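This is what each chain is made of:
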Amino acid sequence: MRSLLAVLAVTCSLGVEFVGADDGGRPAATNRRSLRVSPDPLGSFRAGLEKRVKLDFADAPLEDVIAHLAEQAGVAVRLDEDGIESEGIPLDERVTLRSRGVSVKTALARVLEPLNLGWVIENEELVVTSTVFAEERLVIGVYDVRRLLEHPPRQERLQRLLDGSREYPIGAFPGLDGFGMQGVGGAFFQIGPGLGGGWGGHPPGFPPVLQHWRPRDPYGDEWLISLIERTVGWPEHWVDQGGPAAVWDNDGRYHVRHLVWAHDDLDALLTAVDGLTAGMTKSVVRPFETEGERRIRLALDRRISVGVEKLPIDEFARLLGDQLEIDVELEEIAFEEEGLELDEPVTLVAKDTSVRVILARVLDPLNCRWIVDEERLLITSSIVAEELGNLEIALVDARDVVRSFGGTEPLIEAIVFQSGPPESWADEGGSGDVSPIMDGVLVVRQTADVLDEIEGVVATLRKTVDDREPKPMPKLDDVRTLDYTLRQHDLDEVRSLVEVAVDGDWDGRDWLRAVGSQLFVKTTLANHLEIDRLLRKLKMVKTEVRGGPGSEKGDRGR
């Protein structure tokens, strides 16, 4: 057996070095457009709690560690002695904590959660207390989600507006079930110009007034609330499961009562959904992923060369962390339960190989796995990894390929079939699940490695779909002329209303003209969307908007 010195010499000669390392081609995180309209629950504490710090504590008293973190964050802190001692934890509880760099918020979680402790903000102080007390301190936040509830997304509505006709599944309109329409699975009806007063083929009693009704989200009016309750916090936090957290809708402004940290997750979730509906983000978005966790994921995609022989696995983990510049830790208790020692020998030679593959070669023979936990790569037993669940949430945008699969359900089947082991999905007894939140947009709960597979699967599906060129989506700043056929209203009154309510250049480029019962409007497509919404809301529009002069069939030069 070679000496440890010799082993390290081999390591240095072959190297644990980056070869052609990159960021995996992933774009940077989208600039955040927060939908929160209430004050930030963290307030002036946010900058300090998000500050990254390096830590090296070995058997240090708990109160000293907390004091150091508070000093680094520049926040006032108070230890709730009664609350802490109610958990049987003394203030001089010994703490070991080392990190190459994590946020103060993550460091607090690493210290407090194993002790069943938590923190709240109270009277402009960060108060460390028991978890029971911390979870009783809920705050209310307000979020303006009106633009998220305008479904389908803006550009899709624009295309339908210009197409001059719309198709909606039975059940997409409120009140239909009162007219004997239930049970017509997959049936469609059309609303558009040319139908006039004739609704040929409709069932008896089908109300013509439906032509004036606005379509709603076929997944239900409360799809966004359902998504929030499924992904933010734990299910038992929400009132439907007996918890104190709740969300209620006040005309497109959601009032949410939850823990401070849950509001951060909620804000990130809404920002991700906003980016997806606006077409501003990549195909797979992990809304709750911190910057530290993203760094680990990118590090796992790097290709390195390794050469070690009979190197203790704890030394291997330390060496790997040094080279990747991330925290890599072994969970000692899990190793002991598996009958493994921290000096379990590792022998491996690999050149230009991804870190994921290297970890699999080392851990699979030991029945161990890695998980991303609290901004660290944690090596533990397969049993513990499964018990922890460690499932992450991702939003998958596959709207550009869903039509090739004939709908969202076949798309889900394709993704599940090609991603992860079958037993990891709920249908086979696992914890992973996937469900749609709108056509072609899915919410997935799975482990980090399976989410990585899903990202690759979606990319592959995108390459294999029908290669017909899609109709280019018009730009919102394009100027066109459309005509609006109105009900019995004073056209001058409607014209004045539009000029006041819609921000157009009505004295210059834009204009409105009334001809008979029609109002011809020349303006940008973005303004046409606003006019269409305004007239429908006020029930002034009689039929579908059609292309007028300057539209698809008219003079484009006008």
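Residues numbered from 1 in each chain as written. Predicted model: local features only at pLDDT ≥ 70, side-chain atom pairs only at ≥ 80, totals over all residues. Heavy atoms only, no water.

Visitor: What is the right way to look at the environment of Gly504 in this model?
Guide: For Gly504, the position within the fold is in the loop between α18 (491-501) and β22 (511-515). The partly exposed category is assigned to Gly504, whose relative accessible area is 22%. Sequence separation of Gly504 and Thr523 is 19 residues, and the distance between their C-alpha atoms is 7.0 Å. When near neighbours in sequence (up to four residues on either side) are disregarded, Gly504 contacts Asp510 and Asn527. (Helix = DSSP H or I, 4+ residues; strand = E, 2+ residues; numbered from the N terminus. Buried < 20%, exposed > 50% of the residue type's maximum accessible area, 1.4 Å probe, protein only. Contact = heavy atoms within 4.5 Å.)

Visitor: Which parts of the structure should I look at to understand the nonpolar core?
Guide: Side chains of a nonpolar character, in soluble globular proteins, are inclined to be buried together. Residues Ile313, Phe316, Leu359, Leu363 and Leu377 are the most contacted members of the largest nonpolar core, which totals 32 residues. Put simply, the parts of the chain that give this core at least two residues each are α11 (291-300), β13 (303-312), α12 (313-324), β14 (328-330), β15 (345-354), α14 (355-363), β16 (368-372) and β17 (377-381). For this core, the element with the most residues is α12, which contributes six residues. Once you skip the residues sitting within four places of it in the chain, Leu359 turns out to touch Leu300, Leu320, Asp364, Trp370 and Leu377. (Core = buried A, V, L, I, M, F, W, Y, C linked by side-chain atoms within 4.5 Å.)

Visitor: Any chance you could explain a negative patch on the surface here in plain terms?
Guide: Residues Glu63, Asp64, Glu81, Asp82, Glu85 and Asp92 make up a contiguous surface patch of negative charge. For the negative patch, the secondary structure elements donating two or more residues are α3 (62-73) and α4 (81-85). Residue contributions to the negative patch peak at three residues, all from α4. Within the secondary structure, Asp82 sits in helix α4. Exposure remark for Asp82: the relative accessible area of 64% places this residue in the exposed category. (Patch = residues over 30% accessible without salt bridge, like charges linked within 9 Å, V, L, I, M, F, W, Y side chains within 5 Å. Areas by Shrake-Rupley, 256 points an atom, 1.4 Å probe, with all protein chains shown as cover. Salt bridge = Lys/Arg side-chain N within 4 Å of Asp/Glu carboxyl O. Lys, Arg positive; Asp, Glu negative; His and termini not counted. Charge placed at Lys NZ, Arg CZ, Asp CG, Glu CD.)

Visitor: Teacher, can you tell me more about unusual backbone geometry here?
Guide: Phi is mostly negative for residues that are not glycine, and the peptide bonds are mostly trans. Backbone geometry at Glu374 places phi at a positive 50 degrees, although glycine is not the residue there. Among the structural elements, Glu374 can be located in the loop between β16 and β17. Positioned with a positive phi, Glu375 is a non-glycine residue whose angle comes to about 60 degrees. Residue placement: Glu375 occurs in the loop between β16 and β17.

Visitor: Please clarify how helix α17 (residues 448-464) should be interpreted in this entry.
Guide: For an α-helix, 3.6 residues make a turn, and residues three or four places apart therefore share a direction. Here α17 spans 25 Å end to end across 17 residues, near enough to the 24 Å set by a 1.5 Å rise per residue. For α17, the full list of buried residues reads Ala448, Val450, Leu451, Asp452, Ile454, Val457, Val458 and Leu461. The secondary structure elements touched by the buried residues of α17 are α11, α14, β18 (392-397), α16 (408-418) and β20 (441-446). (Expected span 1.5 Å × (residues − 1).)

Visitor: Help me understand the pairing of β20, please; the structure alone is not making it clear to me.
Guide: In the case of a regular strand, side chains alternate between the two sheet surfaces. Across the six residues that make up β20, a large majority, five, are buried. One ladder, built from six bridges, connects β18 with β20; its direction is antiparallel. Counterpart to Leu395 in the pairing with β20 is Val443. Here strand β19 (residues 433-438) pairs with β20 via five bridges, running antiparallel. (Pairing = 2+ DSSP bridges.)

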